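What follows is each chain in one-letter form.
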Amino acid sequence: VPPFNLSSSAPATFILTGIPGMEQLHVWISIPFCSMYLAALLGNGVLLFTIWSERSLHQPMYLFLSMLAVADLTLSTTVVPKMLALFWFQAREISFGACLTQMFFLHFTCSAESVILVAMALDRFVAICFPLRYGALLTPSAVAKTGLAALLRSFCIIFPCIFLLRRLPFCGHNVILHTYCEHMGIARLACADISLNVWYGLVVPFAVVLLDLVLIAVSYGFILLALSRLPSRSARHKAFHTCGSHACVLLLFYVPAAFTALTQRFGRNIPPEVHILLANLYVLFPPLLNPIVYGVRTRQIRDKVVKVFVCPKSHLLR
């Protein structure tokens, strides 16, 4: 087979099995999954509406948070509706094109979220280390360019995966042992050498995420250094509190992502149902918990949510 034969024999449809060995429990598993998805939609929707409707929240920190909420909604919506259809109606079939589309948006959104988290770390770095230059450095234009950079970088990283998959012959193998389509799950069905897919899927995302983690670590290193020099204990506490929210979100995103990626490639002794359950929780937990973390820990957002939703009359009369 030529290395990039885009007209190779791809199946018309793939079959998603759900969670192997737990088919009898699919309906029961769907209840917490559906509840988490609806809560994620509500939480991120409330967050976006509050930031959009309150001019006082039109600041870089909250604009980055709204980008994160959009990415979270995209991530969960890319996967969960099809997963629930599989659990409830045994809708196992997915076309080759739809499978590639789901795979692309899944990995694309994860990559974009990583850039947004870097931007949020740099935002805190500038706010704490260079407070007098904050407004000059983080202008609305700079925030918009950061969002565009997140989209462009993610597209350039993930789009080649489509060509790496379309070049492969599948020889009738079309059963995916998962609840959704992802790069290596599709590649493993091919009846050809997939070493290029394995290396690209491992080296490129890990190199990019490692770069993001280095930038975040450097930002927080300077932040901690600056905080240690603050004379006021209340100022230190306030800065730590703001950074604590971001640190929680970082852990929620990177720890499950790293664990899922490593178990998929190296965890041969881990039962497949455990891996698939963890992979499903990965697309549900961050979208569910991110708005809760920021809503509970950030007083400005908490107050504005109450103002917009609990006291709407005062909000409208403002």
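Residues numbered from 1 in each chain as written. Predicted model: local features only at pLDDT ≥ 70, side-chain atom pairs only at ≥ 80, totals over all residues. Heavy atoms only, no water.

**Examining the overall build of the chain**
Helix and strand counts for the chain stand at twelve helices and three strands. Computed over C-alpha atoms, the radius of gyration of the chain comes to 22 Å, within 12% of the 20 Å expected from 2.2 N^0.38 for 318 residues, which places it in the range of a compact globule. For the chain, the spread of C-alpha atoms along the principal axes amounts to about 65 × 40 × 35 Å. Across the 318 residues of the chain, 47% fall into the buried class. Long-range contacts, defined here as pairs at least 24 residues apart, represent 80% of the contacts in the chain between residues at least 6 apart. Total accessible area on the chain stands at roughly 15700 Å², and carbon and sulfur atoms take up 72% of it. One finds the centroid of the 23 positive side-chain charges in the chain at a distance of 13 Å from the centroid of its 11 negative side-chain charges. (Helix = DSSP H or I, 4+ residues; strand = E, 2+ residues; numbered from the N terminus. Rg over C-alpha atoms; globule rule 2.2 N^0.38 Å. Buried < 20%, exposed > 50% of the residue type's maximum accessible area, 1.4 Å probe, protein only. Contact = heavy atoms within 4.5 Å. Areas by Shrake-Rupley, 256 points an atom, 1.4 Å probe, with all protein chains shown as cover. Lys, Arg positive; Asp, Glu negative; His and termini not counted. Charge placed at Lys NZ, Arg CZ, Asp CG, Glu CD.)

**Some remarks on the UniProt feature "transmembrane region" (unreviewed entry) in the chain**
Under the present numbering, the feature "transmembrane region" (unreviewed entry) in UniProt falls on residues 27-49, 61-84, 104-130, 142-165, 198-227, 239-262 and 274-294. Between the first and last C-alpha atoms of residues 104-130 the distance is 38 Å; the span itself is 96% helix and 0% strand. In residues 274-294, the share of helix is 90% and the share of strand is 0%. The end C-alpha atoms are 29 Å apart. (UniProt positions renumbered as here; feature names shortened; annotations may be inferred.)

**Description of the sheet that holds strand β1 (residues 13-16)**
One open sheet holds the three strands; their spatial order is β2-β1-β3, and the pairing between them is mixed. If you trace the sheet from one side to the other, it starts and ends with β2 (93-95) and β3 (175-176), each paired once. Where β1 lies against β3, two bridges are found, and the strand directions are parallel. Note that in β3 the partner of Leu16 across the bridge is Ile176. The strands touched by helix α3 (residues 96-129) within the sheet are β1, β2 and β3, with β2 carrying the most contacts at an inclination of about 85°. (Pairing = 2+ DSSP bridges. Axes fitted to C-alpha atoms, helices over the stretch in contact; angles between N-to-C directions.)

**What about the pattern of salt bridges?**
Throughout the structure, instances matching the rule amount to three salt bridges. For Lys304, the salt bridge goes to Glu54, with nearest N and O atoms at 3.7 Å. With Lys304 in helix α11 (residues 299-310) and Glu54 in the loop between α1 (26-53) and α2 (60-89), the pair connects residues that are 250 residues apart, well separated along the chain. For the pair Lys304 and Glu54, one class covers both residues: buried. (Salt bridge = Lys/Arg side-chain N within 4 Å of Asp/Glu carboxyl O.)

**Some words on a nonpolar patch on the surface**
The grouping of Phe49, Trp52, Val306, Phe309 and Val310 at the surface amounts to a nonpolar patch, some 540 Å² of accessible area in total. Only α1 and α11 provide two or more residues apiece to the nonpolar patch. Top contributing element to the nonpolar patch by residue count: α11, with three residues. Among the structural elements, Trp52 can be located in helix α1. (Patch = residues over 30% accessible without salt bridge, like charges linked within 9 Å, V, L, I, M, F, W, Y side chains within 5 Å.)

**What about the packing of aromatic side chains?**
For the structure on display, the rule yields 17 aromatic pairs. Considering the side-chain rings of Phe104 and Phe108, the 5.4 Å spacing of their centres and the 25° angle between planes classify their relative orientation as stacked. Linking Phe104 with Phe108, this pair stays in helix α3, spanning four residues, or about one helical turn. Note on Phe104: relative accessible area 10%, which makes it buried. Relative to Phe155, the ring of Phe104 has its centre 6.0 Å away and its plane inclined at 80°; by these criteria the two rings are edge-to-face. With Phe104 in helix α3 and Phe155 in helix α5 (residues 140-166), this residue pair connects regions lying 51 residues apart in the sequence. With relative accessibility at 38%, the residue Phe155 sits in the partly exposed group. (Phe/Tyr/Trp six-rings, centres within 6.5 Å; stacked < 30°, edge-to-face > 60°.)

**Describing the nonpolar core**
Counting residues in each nonpolar core, the largest one holds 84 residues, and the members touching the most others are Phe14, Leu117 and Ile186. With 16 residues, the top contributor of residues to this core is α3. Those residues within four positions of Ile186 in sequence are excluded, and the remaining contacts are Phe14, Cys99, Leu100, Met103, Leu165, Phe170, Ile176 and Cys181. (Core = buried A, V, L, I, M, F, W, Y, C linked by side-chain atoms within 4.5 Å.)

**A closer look at the packing of α1 against α2**
One way to put it is that α1 packs onto α2 with a least axis distance of 9 Å and a crossing angle of 155°. Our classification of the angle between α1 and α2 gives roughly antiparallel. Between α1 and α2 lies a crossing of left-handed hand. Split by residue class, the contact of α1 with α2 holds 22 nonpolar, six polar and one charged. (Parallel < 35°, antiparallel > 145°, perpendicular 65-115°, else oblique. Left-handed = near helix turned anticlockwise from the far one by under 90°. Nonpolar A, V, L, I, M, F, W, Y, C, P; charged D, E, K, R; others polar.)

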